[in-house]
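# Notes for the structure review
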Amino acid sequence: MDDSRFPFLDGVAGVLVDGGGRIMDCTAAAETLLALPAGVLRGRRVRELLAAPAEPAGPPSTAGPQGYARRGSSWAGRVSVHTGDGRLIALEVRILVLRGAPFGDRSSARYVVLGARAGAADRWRQDQAFTRELFLQDRLGLVVFDQDLRIVRTNTHLLPYSGMPVTLTGRKLADFLQPQDAAAFEQHLREVMETGRPLVLAEELARTVIDPRGGRMMAISAFRLQASDGAVIGLTALFNDITDEYRTRRRLALLHQVTVATGRSLSVTESAQQLAEALVGDFADVAVVEVAPAVFTGEEPAPDRDGLLLLRRTAVAGPPEAVPATGDSVQVGPDGAEAAGLAADLGEPWLVTAPLIARGLLLGRIGVRRDHWKEAFEEEDRTLLREIAARAALALDNARRYTREHRAAIGLQRSLLPPAVRSVAAVSTASVYLPTDTVGGVGGDWFDVIPLSSARVALVVGDVTGHGLHASATMGRLRTAVRTLADLDLEPDELLVHLDDLVAQLLVEAALAADGEVDLEAEGLDPGRYGAGVQSHPWAEAEGERAAGRAARPEPGSFGGTCLYAVYDPVARTCTVASAGHPPPAVAHPDGSTEYLPVAPGPPLGVGGLPFEATRVVLEPGSVLALYTDGLIERGEGDIDSGMDELTRRLAAVRAQDLPLPEAGQRIIAGLPPTRLHDDVTLLLARTKVVPAADTAVWSVEPDPAAVGRVREDATRTLVAWGLEELAFTTELVLSELVTNAIRYAGGPVVVRLIRADMLTCEVSDGSSTQPRMRRARLTDEGGRGLYLVAQLTSRWGSRYTTSGKTIWTEQELPGR
C-alpha cells in the first residue's frame, strides 16, 4: 500500500483486512510501527498481533467488536499489540468499513484498520480541541492570514466594537481599519512573514473606517505558518485588547509629566503654561489654566463678600484657532465651578474642570476640552484631572510663596541701594541690577556712590556669598559699614582692612550661633585677633541643643564676600582703587581705548591676616569706569576670560557712541536673560568729571596769628571773583576759627584751599595728627565754642588724616542750589 498519496496520514499505520480478519496489505508506516515487513504481515490474522484478543475473527456486529465504540460507520478503541522486535505497544485504532458482507458472505467484506500510538493520538485530539476552543473564546482576537495577508479564518471577537464588517474572511485589514492603522499592523505582519521571527505584544492603535474616534489599543503577537515541507502558507496573529491597561499607563505617565513640568520653574506664569501644554495631546485638545491675580504677587487669594474669587486666564494650549485669549477674567465660587471661556455649549462629556486648591486656598482652576467628534471624558479622566490639579496646585503655591520671598528680598535689596542714576561733582553714575531667577532667590550684590569731602566720591561694588533674604540682610550690614568707614575718609586699602575685620567678627558670631562654639583656626581665622582656642557662650550652647533653631540660623560661610572700593578726586584727576577678592574695574578712555585697571587683588572679605594694596591711576575727564560683580563676566557659563573680553568690547562700543550712561548700561548687559544667570549681575558706570584749576585756590599760611587776617582777605577776594559774595562772611568766620586753631595747636606750615564744585569746600591742613573734637562749652568757659560755631554755619564738616598730618574741611551750599 502506497501511503505517499495520503500526506495527511503521516505517522498513522494502516492495514487492509479481509472479511476473515487476515491482513491483505499494509502501509510503510505500519511496517515501521509494528517492526515487521509487509511480506510477513500479509496473510496473518490481526488477532495474532493483539496482546489479548477477545473477539473471534469476523465482521463486526451491529454493536461492534468487544472493547470498541461505534462512531457512525466505524469503530474506535485502544489495543495492545506485539511488535516484531518483542515490544508491547499501545495503539489507538479505528476500523473503517470499505465493503460490507451482503447475504452473510464474509469473504467479500473489506476493512481498513488505522492505528497510531496512543500518545500521538492524544496529542492530535488535544491539538484539535485547542484549535477549536481558541477560535471559540472571546478574550483574544485570533486571525489566520494567508501569504497575501488576507484573513482566512478568525473568531468573531477580533475587534468587538462598532465599525466592523459582519464577515472578515477574504478581507484585508485596510478594508475596515484606518489606513495609517492598517499600515502599521501590516508592517509588523510582513516582517514576521519574511523573517520567521515571532512577534510578541507589539502595541498599535486600531480605529475603524466607520468610527475613527479613540479606537482600541491592541497588543499583537504573531507567528509564521509553514507546511511539512517548509513552505510558508501564512501566519497566525493574536489581537489582545489592552485599551484599559494602556489608558491607565497613559494616565500615570501624564500625571508624572505634569508633576515634572510644573516643578521646573518657580514662576507662576511659566508653571501655568507648562501645565496647560502638558495636558494637550492624548488627554485633551484645549487646556486653559486660570489663576487668581493675588498669586502673581505672592499674596493669598481671598474671595469677595459674595464668596466669589476673581480668576485671570493665565495660560492656554491647543490649536491657535481653538484656544481662547489670555488675560480675560472670570469669577468662580469656592469650588471653582464656572465654565465660561471653554465653549460649554459642547456639553459636559467633552468639558472637564478641576479647582487648583493647595493648603486650603483656592488658587485657580484647570479646564480641558476635547473635540466633540472624539470620545467623551470618562470618570477615570475626571479623577485624573482632579489629581493633576492637586499636584499642580502645590507647585503653583510653591511658586507663589517663592514669589513672595523673592519680592521681599528684591525690595529689601533695592531699598538698601542708591538711586540708579546720580550726578555729583566728581562723576555721573548709572547702575543696572539684574537679579538671578534661580531657586536660591536674590543674591547679595550691592553698589554705592558715596560723596566724600573735597568734591571726591567713593565708588563701591560688592558681592555677598549666598542668596535670599539673609544675603540681602548681610549686604545691608556691609553697605552700612562701608558708608560709616567712608565717612572717616580712610584710604581704600585701610578701609578694606576694617571691613575685613568686621566680616571676620560676623563669621565668628555666626559660628557661635550655629554650634555654640567655634574653632577659630579651623575656620581660617586668626586666634590672635579674636582670642585663642575655642570660643563658646552658655546661651549659644543652650540654643545649639535645639535642632530647629540650628536649622533656622545661617551658615557661617554666608558672611563672606568680595568688595572693590575706589575713590576718585576730580581736582587731582586721580582714582585710587583697592580690591578684596573682587574683579578689577574696566575703564574706557576718551580716546576709545579700554583696559582693566591694574588692581592688586587682595583676599576675599573674612579671610583676615593678609594686607590690601591700593592702586592709583590718573583718569582723563570723560573716562567711563565700569564696576561690576562676577555675574556679569561669568555670563552663566563660567568662562571669566571671555566674559571680561566681551565686557571691554561692549564698553568700548558704548563709549564710542557716547551713549547716556543708563542706555549704555542696558546695552552692556543685553543678552543676559534671568533664566540663564547663575548669579546676580550688578553694573555701576561712572563718567568722570574734573574741577577746573580756576575753581580752586590754595594759600600757604605762616604760623603767625597775624596771617589770619590775610587769609580772610584772600578768601573774600576769591569768592567775589567766583560770584559767591553771599558766602564771604561765613567763610571768613570759618577760616578764622580753623586757621587760628591750626596755628595755635599744630604749629608748622598751614595750607588753606578753597574748592568750588557743587559745594564750596574750605580746607585747612596742618602737620598735627590730633583730630579736633567738638565739645559743649560751659557758660564760664572762655573757649571751646569754635568748632560748634563751624558746625552751625556750614552744611557739613569733618577731618581726615593725610600723609603729613590732617585736613579739616567744611562744606557750604552754593547760592541758588
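Residues numbered from 1 in each chain as written. Predicted model: local features only at pLDDT ≥ 70, side-chain atom pairs only at ≥ 80, totals over all residues. Heavy atoms only, no water.

### Details of the pattern of salt bridges
Pairing is possible between side chains of opposite charge, provided their charged atoms come close. Inspection of the entire model under this criterion finds 33 salt bridges. Between arginine 249 and glutamate 203 there is a salt bridge whose closest N-O contact spans 2.7 Å. Here arginine 249 is found in helix 5 (residues 243–262), whereas its partner glutamate 203 is found in strand 9 (residues 199–206), with 46 residues between them in sequence. One continuous salt-bridge network, built from bridges that share partners, spans Arg247, Arg251, Arg370, Glu378 and Asp381. (Salt bridge = Lys/Arg side-chain N within 4 Å of Asp/Glu carboxyl O. Helix = DSSP H or I, 4+ residues; strand = E, 2+ residues; numbered from the N terminus.)

### Points about helix 6 (residues 268–279)
Under the 1.5 Å per step criterion, the end-to-end length of helix 6 is 17 Å for 12 residues, consistent within 8% with the ideal 16 Å. Taken as a whole, helix 6 has its buried residues at Val268, Ser271, Ala272, Leu275, Ala276, Ala278 and Leu279. In a view along the axis of helix 6, the buried residues occupy a sector of 165°, so they form one face of it. Glycine 281 sits one or two residues past helix 6 and shows a positive phi near 140°. (Expected span 1.5 Å × (residues − 1). Buried < 20%, exposed > 50% of the residue type's maximum accessible area, 1.4 Å probe, protein only. Arc of directions from axis to C-beta.)

### Some details on the pairing of strand 13 (residues 309–317)
Most of strand 13 is tucked away: 7 of the 9 residues are buried. As judged from the 5 bridges shared by strand 12 (residues 286–291) and strand 13, these two strands associate in the antiparallel manner. What sits directly across from valine 289, in strand 13, is alanine 315. Of the strand pairs in this sheet, strand 13 and strand 14 (residues 329–332) are connected by 4 bridges, and their pairing is antiparallel. Paired with leucine 309 across the strands is valine 332, a residue of strand 14. (Pairing = 2+ DSSP bridges.)

### Details of the confidence of the model for the protein chain
Model confidence for the protein chain is summarised by a mean pLDDT of 81, while 82% of its residues fall at 70 or above. pLDDT under 50 marks residues 339–347. Its contacts with residues more than four places away, or in other chains, come to 19 contacts. Of the regions scoring below 50 in pLDDT, residues 529–557 engages in 46 contacts with residues more than four places distant in sequence or in other chains. (pLDDT = per-residue confidence, 0-100. Contact = heavy atoms within 4.5 Å.)

### Points about unusual backbone geometry
Even without glycine at this site, leucine 201 takes up a positive phi of about 55°. Structurally, leucine 201 can be placed in strand 9. Positive phi outside glycine occurs at alanine 455, with the angle close to 70°. Structurally, alanine 455 can be placed in the loop between strand 19 (443–451) and strand 20 (457–467).

### What to know about the packing of helix 5 against helix 6
The description of two helices packed together rests on the angle between their axes and the distance between the axes. For the pair helix 5 and helix 6, the least separation of the axes is 8 Å and the interaxial angle reads 160°. When the interaxial angle is binned, helix 5 and helix 6 end up roughly antiparallel. As for how helix 5 packs across helix 6, the hand of that crossing is right-handed. Together, Leu254, Gln257, Val258, Ala261 and Thr262 of helix 5 and Ser271, Gln274, Leu275, Ala278 and Leu279 of helix 6 make up the contact between the two elements. Residue classes in the contact of helix 5 with helix 6 are distributed as 6 nonpolar, 4 polar and no charged. (Axes fitted to C-alpha atoms, helices over the stretch in contact; angles between N-to-C directions. Parallel < 35°, antiparallel > 145°, perpendicular 65-115°, else oblique. Left-handed = near helix turned anticlockwise from the far one by under 90°. Nonpolar A, V, L, I, M, F, W, Y, C, P; charged D, E, K, R; others polar.)

### Concerning the pairing of strand 30 (residues 681–688)
By the criterion of burial, strand 30 is predominantly enclosed, with 7 of the 8 residues buried. Of the strand pairs in this sheet, strand 18 (residues 427–434) and strand 30 are connected by 8 bridges, and their pairing is antiparallel. If you follow tyrosine 433 over to strand 30, its bridge partner there is threonine 682. One ladder, built from 5 bridges, connects strand 29 (residues 624–628) with strand 30; its direction is antiparallel. Considered in strand 30, the bridge of leucine 625 is made with alanine 686.

### Quick word on the nonpolar core
Trp446, Leu459, Leu496, Leu499, Tyr565 and Leu625 are the most contacted members of the largest nonpolar core, which totals 48 residues. Looking at this core, the elements that each hand over two or more residues are strand 19, strand 20, helix 9 (469–486), helix 10 (492–515), strand 23 (561–569), strand 24 (574–580), strand 29 and strand 30. If sequence neighbours within four positions are ignored, leucine 499 has contacts with Leu478, Ala481, Val482, Leu485, Cys563 and Leu605. Core analysis: the second largest hydrophobic core is formed by 42 residues, Ala287, Ala292, Val352 and Leu385 among them. (Core = buried A, V, L, I, M, F, W, Y, C linked by side-chain atoms within 4.5 Å.)

### Section: the side chain of arginine 479
If you trace the backbone, arginine 479 turns up in helix 9. At 3.0 Å, the side chain of arginine 479 forms a polar contact with the side chain of aspartate 448. For arginine 479, the contacting residues outside a window of four places in its chain are Leu416, Leu417, Pro418, Trp446, Phe447 and Asp448. (Polar contact = N/O pair within 3.5 Å; in protein donor to acceptor, adjacent residues only side chain to side chain.)

### What about the side chain of aspartate 448?
Considering the arrangement of structural elements, one finds aspartate 448 in strand 19. Look at aspartate 448 and you get buried, because its relative accessible area is 1%. At 2.9 Å, the side chain of aspartate 448 forms a polar contact with the side chain of arginine 483. Apart from the residues lying within four places of it in its own chain, the contact partners of aspartate 448 are Pro418, Ala458, Leu459, Val460, Arg479, Arg483 and Leu684.

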